[in-house]
Structures are given as structure tokens and as C-alpha cells.
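Structure assessment
Here are the chains, one letter per residue:
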Amino acid sequence: MELNQKTGISKIFSLGLQHVLAMYAGAILVPIIVGNALKFSPEQQAFLISVDLLTCGLATLLQSWASKWFGIGLPVVMGTSFVAVSPMITIGTGYGIHAIYGAIIAAGLFIILFSKVYGKLLKLFPPVVTGTVVMIIGLSLIPTGINNMGGGQGSKDFGSPENLLLSFGVLALILIMNRFFKGFLRAISVLLGIIAGTIAATVMGKVDFTVVAEASWFRVPAPFYFGMPAFHIVPVITMIIVGTVILVESTGAFLALGEMTDRKLTGKDITNGYRAEGISFILGGIFNAFPYSTFSQNVGLVQLAGIKTKKITIAAGIILICLGVLPKIAALATIIPTAVFGGATVVMFGMVVSSGIRMLRNVDFSENSNLLIIACSVSLGLGATVVPDLFHVLPPMLRILVNDGIICGSLCAIILNLLLPKKDRVRAPSDIPVRVVDPALKEG
């Protein structure tokens with residue numbers, strides 16, 4: 001499908017809304033987890049969700065808009081990083097909520113000041129590392145998608161016939177639309193699948209509109225809602241480590257999107273992307289929200305929909321800002337059943353895996369070191385995802401680095417790439433199969 005200057009606003013809005021729905025569950029899940037752990041009141045919890053959506057939108061616009069100094073300029077959607085959940089709860093419990101936001105602001109400033117140093121990390125990501133990291137991202141997300149298909153981990157009706165019917169029905173509809181349709185309808189197949197699934201769930205009596213009725217119409221989140229930030233050395237150091245880990249995760253997403261859009265990223269591009277993430281951290285601290293990173297879910301959606309222009313993610317950012325100041329409209333997205341989300345997300349997460357495999361096509365698999373990097377990284381990354389308590393004996397600051405499957409596998413790939421002998425890691429051009437691109441997937 002092509003997008004150009006004459007493309008209608010309605011099409012751009014629909015594609016942007018599809019990105020919002022793809023990341024919405026993850027965006028509101030982190031505020032719910034953190035708010036519950038820190039004993040927030042329902043009013044505080046509602047504020048946390050609204051301000052999170054607003055800041056997600058601002059961060060997305062910062063990252064999508066490539067200026068001279070900040071922004072990667074790729075179809076990026078920014079969301080709340082799950083890596084920060086446990087550290088935020090630990091800091092909030094030990095030092096108070098004000099220390100959380102002081103640490104987030106300090107980490108954002110640190111990332112901005114040392115963005116050029118972080119930018120030099122690009123040389124640590126040859127094809128064998130980037131392909132492996134992207135594949136690990138997808139594999140680590142798949143269990144979440146599968147749990148969602150069943151209705152959400154721990155739900156009373158997990159795996160019920162109704163949930164399976166909804167999730168597999170949404171999945172089937174997305175596949176059918178990608179098989180028999182082209183252009184715009186194929187591009188919004190995930191959105192249409194979610195809408196159709198929600199309608200079906202309403203007929204089945206699985207949708208509750210109470211939250212929509214009770215939500216207010218308009219509210220502008222105020223800065224420093226919970227009070228002025230406090231700065232303590234241990235929380236600040238902890239959040240800097242979290243920020244560094246988030247940048248490692250985002251680098252894999254940047255490189256995956258660069259590959260999808262046929263754009264060769266430079267060290268300056270990556271540095272500008274890091275600066276945008278640092279600014280997003282500061283915004284999160286000022287508005288009492290969260291640290292932000294590139295959402296892997298939306299990377300899969302870019303590949304699946306075949307729409308690779310930042311116009312769509314800019315539209316998604318504007319929609320997120322509107323949702324952040326219009327709680328009643330934002331509440332509409334909360335009525336979508338988890339099983340419906342599961343049917344849509346499982347295919348998108350699988351597309352991330354496919355993107356990683358595609359990036360590995362340039363790797364010389366006759367080199368044993370390449371095989372070891374992929375084997376060990378994928379095993380540890382997937383293992384840490386499936387068995388999250390593997391590293392429970394380590395100190396909290398080390399657990400931040402290895403407790404998350406994506407980070408664990410990514411660090412393993414980076415370290416092994418530095419330690420193992422480097423010969424001809426990349427295949428010769430004559431050995432690389434010619435790729436035939438479907439015209440429907442080209443960006444206009």
C-alpha cells in the first residue's frame with residue numbers, strides 16, 4: 001500500500017489508531033502494576049493511566065520527528081518500559097514516590113549528556129547481534145501474547161472456550177484479510193480484527209461499559225502531581241542502569257525498523273534516538289509518569305501492516321495525547337477483552353521473530369562463533385523469560401540487567417560478539433538470496 005501527501009486523514013488516523021491499540025494494553029498495564037504495588041488510591045491510579053498515555057504520545061512525537069539534535073525519524077511508538085517496573089516499586093517502597101521521579105529525571109539528564117558515548121554502541125551490533133536481539137524480543141513477547149489469548153494470566157476464565165473462540169477468531173480474521181485483501185484493508189487488518197472481536201465479545205456479554213460511564217470527559221494532567229521530586233544517590237544510580245538497559249533494548253528495535261524501512265542507520269541517528277529517549281525520561285519524571293522506550297509490539301505491526309512511514313506513528317502520538325486528556329474516550333480502549341488483544345498481538349509478536357530471522361540472512365552460518373552467539377543468546381533470553389526466578393539470588397542491581405529475557409539475551413549476544421573470534425561474520429553478496437518485495441508493502 002502507498003501513502004503519499006494526498007492520503008486521506010481518515011486512513012492515516014485508522015492506521016495510527018491501530019498502533020495505539022497494539023500498545024495500549026502494555027501502556028496501561030505498567031501504571032496498574034506500579035499503582036497497586038505502591039497502594040495508590042483509585043483517583044491516583046486513574047491519573048497515572050491518563051498521564052502515562054499523554055506522555056507516551058509526547059515521547060512518540062519526539063522520537064518520530066527527526067530534528068538535528070534528537071529523534072530517530074523512524075516509525076517508532078514509545079511506551080512504558082517494563083524493565084523499570086520492579087526498580088520503581090523498590091525505590092518507591094524504600095525511598096518514597098518522590099524519589100522515583102527524581103531518579104527518572106536524573107537518568108534522563110544522564111542519557112542526554114552521554115548520548116554520544118551511548119551512540120558508539122552501534123559498533124557492538126553487527127548483523128549476528130541485531131538479528132539475534134530482534135528475534136529474542138519477539139520470542140520473549142510471545143508468551144505474553146499466548147497468555148492474552150487465554151484471557152490473561154491468572155484470570156478466572158483462563159483458557160475458556162469463549163476466550164479461545166475470540167482470540168482465534170481475531171487471529172483467523174487477520175490472516176484472512178492478509179490473504180485476500182490488499183492495500184488499505186490489509187494494512188488495518190489488526191485494527192479491524194480487534195474491532196470485530198470486541199463486537200463479538202459484547203454480544204457474548206464479556207464487555208463491561210461501566211468504566212466508560214464513570215470516566216470524566218476532560219482533564220489536563222498537571223506536572224508534579226505527587227509533589228516535587230527528591231534526589232537520592234542509590235535510586236539515581238539504579239535508574240541510570242535501568243536507562244542504559246532500556247537503550248540496549250531500543251537499539252535492537254531501531255535497527256529492526258531501519259532494516260524494515262531500508263534505511264542505513266548511522267551513529268548520529270542512534271545518538272539522536274537516545275537523546276529523544278532521555279528527553280522522554282525527563283517528561284516522565286516531570287509529569288509523574290514513567291521511563292519510556294521503543295515499543296517492540298509496534299515494530300511487529302510495522303512489518304505486518306507494511307506501512308513504514310512515520311506519518312502513521314505521528315498520528316498515533318497525537319491520538320495518545322488526546323486519550324491522555326480525554327479520560328472517557330481513553331476508557332473505551334479498556335473495554336477490549338484481553339483475549340481479543342491476544343489474538344491480535346500473537347501474530348505481531350511472531351512478525352518480530354520473522355524480522356529477526358530476516359536480518360540473520362546476512363550472517364555466515366558456516367562460522368561456529370556465529371552459531372554460538374545465536375544459540376546461547378536465544379537460549380538464555382528465552383530461558384529468563386520462561387523462568388524469571390533464575391537469577392533471584394543476585395543483588396537487585398544485577399537482577400535489573402539479567403531478570404528480563406530481552407536484556408539477558410541481548411547482553412549475551414553483545415558480550416559473545418566481543419569475546420569470540422571474528423572472521424568472516426557476514427556472507428558474501430553472491431551468497432545472499434535475492435529478496436522479492438511485495439509492492440503492497442512498499443512505502444510511498
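In short, a report on the structure. No experiment lies behind these values; they were computed from the predicted model shown. Per-chain numbering applies: the sequence of each chain, read as written, is numbered from 1 onward. Reporting in this predicted model follows two pLDDT cut-offs: at least 70 for local features of residues, and 80 or more for side-chain atom pairs to be given and counted; totals over whole chains, interfaces and linings ignore these cut-offs and use all residues. Processing note: side-chain calculations cover all non-hydrogen atoms of the structure and skip hydrogens and water entirely.

Excluding glycine, a negative phi dihedral is what most residues carry, and trans is how most peptide bonds are arranged. Despite not being glycine, Phe224 has its phi angle at roughly 55 degrees, a positive value. Runs of H or I in DSSP of at least four residues are treated as helices and runs of E of at least two as strands, each being numbered from the N terminus. With respect to the helices and strands, Phe224 occurs in the loop between helix 10 (210–214) and helix 11 (233–260). With a phi close to 60 degrees, Asn288 is a non-glycine residue in the positive phi region. Within the element layout of this structure, Asn288 appears in the loop between helix 12 (267–286) and strand 2 (292–294). The cut-offs for exposure are 20% and 50% of the maximum accessible area for each residue type, with area from a 1.4 Å probe on protein chains only; residues under the lower value are buried, those over the upper are exposed, and the others partly exposed. Looking at Asn288, the relative accessible area reads 1%, which means it is buried.

Another point: the state of the cysteines. The disulfide definition used here is simple: a pair of cysteine sulfur atoms within 2.5 Å. Applying the stated criterion to the full structure yields zero disulfides. No disulfide involves Cys376; its sulfur sits 5.5 Å from the nearest other cysteine sulfur, which is in Cys412.

Take the pattern of salt bridges next. Here, a salt bridge means any Lys or Arg side-chain nitrogen found within 4 Å of an Asp or Glu carboxyl oxygen. Summed over the entire model, instances satisfying the criterion amount to two salt bridges. Between Asp157 and Lys206 there is a salt bridge, and its shortest N-O distance comes to 3.1 Å. Of this pair, Asp157 sits in the loop between helix 6 (127–149) and helix 7 (161–180) while Lys206 sits in the loop between helix 9 (189–203) and helix 10, and the two are 49 residues apart along the sequence. Its salt-bridge partner being Asp269, residue Arg263 comes within 3.3 Å of it at the nearest N-O pair. What makes Arg263 partly exposed here is its relative accessible area of 28%.

An expected span of 1.5 Å times one less than the residue number is assigned to each helix. Helix length check: helix 7 (20 residues) gives 28 Å between terminal C-alpha atoms against 28 Å at 1.5 Å per residue, within 8%. Among the residues making up helix 7, those that are buried are Asn163, Leu166, Ser167, Val170, Leu171, Ile174 and Met177. Along helix 7, the residues classed as buried sweep out an arc of 130 degrees about the axis, all on the same side. Opposite the packed face of helix 7, turned more than 90 degrees from it, sit the exposed residues Pro161, Leu165, Arg179 and Phe180. What the arc measures is the spread of directions leading from the helix axis to the C-beta atoms.

Okay, the packing of aromatic side chains next. Under the pairing criterion, centres of Phe, Tyr and Trp rings, with the six-membered ring standing for Trp, must be within 6.5 Å; the plane angle then separates stacked pairs below 30 degrees from edge-to-face pairs above 60, leaving the rest tilted. Scanning the entire structure with this criterion turns up 10 aromatic pairs. Summarising the aromatic geometry, the rings of Phe40 and Phe226 are spaced 5.1 Å apart at their centres and angled 35 degrees between planes, so their arrangement reads as tilted. Placement of the pair is Phe40 in the loop between helix 1 (9–37) and helix 2 (42–64) and Phe226 in the loop between helix 10 and helix 11, with a sequence separation of 186 residues. Ring centres of Tyr118 and Tyr274 lie 6.2 Å apart, and the angle between their planes is 80 degrees; this geometry places the pair in the edge-to-face category. Here Tyr118 is found in helix 5 (residues 115–119), whereas its partner Tyr274 is found in helix 12, with 156 residues between them in sequence. Two limits define a charge over a ring: the Lys NZ or Arg CZ must be within 6 Å of the ring centre, and within 35 degrees of the ring normal. The positively charged end of Arg179 is found above the aromatic ring belonging to Phe180, 4.9 Å away from the centroid.

Inspection of the secondary structure puts Ser167 in helix 7. We classify Ser167 as buried; its relative accessible area is 0%. Counting of polar contacts relies on pairs of N or O atoms within 3.5 Å, with two restrictions inside protein: one atom must be capable of donating a hydrogen and the other of accepting it, and residues adjacent in sequence are counted only when both atoms are side-chain atoms. From its side chain, Ser167 meets the backbone oxygen of Met149 in a polar contact 3.3 Å long. The contact criterion used is simple: two residues touch if any of their non-hydrogen atoms lie within 4.5 Å. Those residues in contact with Ser167 that lie beyond four places of it in its chain are Met149, Ala339 and Gly343.

On to the packing of helix 9 against helix 16 (residues 338–359), then. Axes, fitted as lines to C-alpha atoms, cover a helix only where it is in contact. Angles between the N-to-C directions of the axes lie from 0 to 180 degrees. Contact pair helix 9 / helix 16: the axes reach a minimum separation of 8 Å and the direction vectors enclose 160 degrees. Of the possible angle classes, the one that applies to helix 9 and helix 16 is roughly antiparallel. Regarding helix 9 and helix 16, the two cross each other, and that crossing is right-handed. Contact residues: Val190, Ile194, Gly197 and Thr198 in helix 9; Val340, Ala344 and Met348 in helix 16. Asp, Glu, Lys and Arg are counted as charged, while Ala, Val, Leu, Ile, Met, Phe, Trp, Tyr, Cys and Pro are counted as nonpolar; the rest, among them Gly, fall into the polar class. A per-class count over the contact of helix 9 with helix 16 returns five nonpolar, two polar and no charged. Here roughly perpendicular refers to angles of 65 to 115 degrees, roughly parallel to angles under 35, roughly antiparallel to angles over 145, and oblique to all remaining angles. By the definition used in this description, the sense in which the near helix is turned from the far one sets the handedness, with an anticlockwise turn below a right angle giving left-handed and a clockwise turn giving right-handed.

Here we come to a nonpolar patch on the surface. Residues forming no salt bridge and having over 30% relative accessible area are the ones grouped into patches, like charges within 9 Å of each other and nonpolar side chains (Val, Leu, Ile, Met, Phe, Trp, Tyr) within 5 Å. Values of accessible area rely on a 1.4 Å probe in the Shrake-Rupley scheme; residue burial ignores everything except the protein chains shown. Residues Trp217, Phe218, Val220, Ile329 and Leu332 make up a contiguous nonpolar surface patch of roughly 550 Å² in combined accessible area. Structurally, the position occupied by Ile329 is in helix 15 (residues 327–334). On the basis of relative accessible area, Ile329 is assigned to the partly exposed category, the value being 37%.

Moving on, we get to the packing of helix 4 (residues 97–113) against helix 12. Packing of helix 4 against helix 12 leaves a shortest axis separation of 8 Å and a crossing angle of 160 degrees. Accordingly, the angle class assigned to the pair helix 4 and helix 12 is roughly antiparallel. Taken as a pair, helix 4 and helix 12 cross one another with a handedness that is left-handed. Here helix 4 contributes Tyr101, Ile104, Ile105, Ala107, Gly108, Leu109, Ile111 and Ile112 to the contact with helix 12, which in turn contributes Tyr274, Arg275, Gly278, Ile279, Phe281, Ile282, Gly284, Gly285 and Ile286. Residues belonging to the contact of helix 4 with helix 12 are distributed by class as follows: 12 nonpolar, four polar and one charged.

All we've got here are geometric facts, nothing functional implied.
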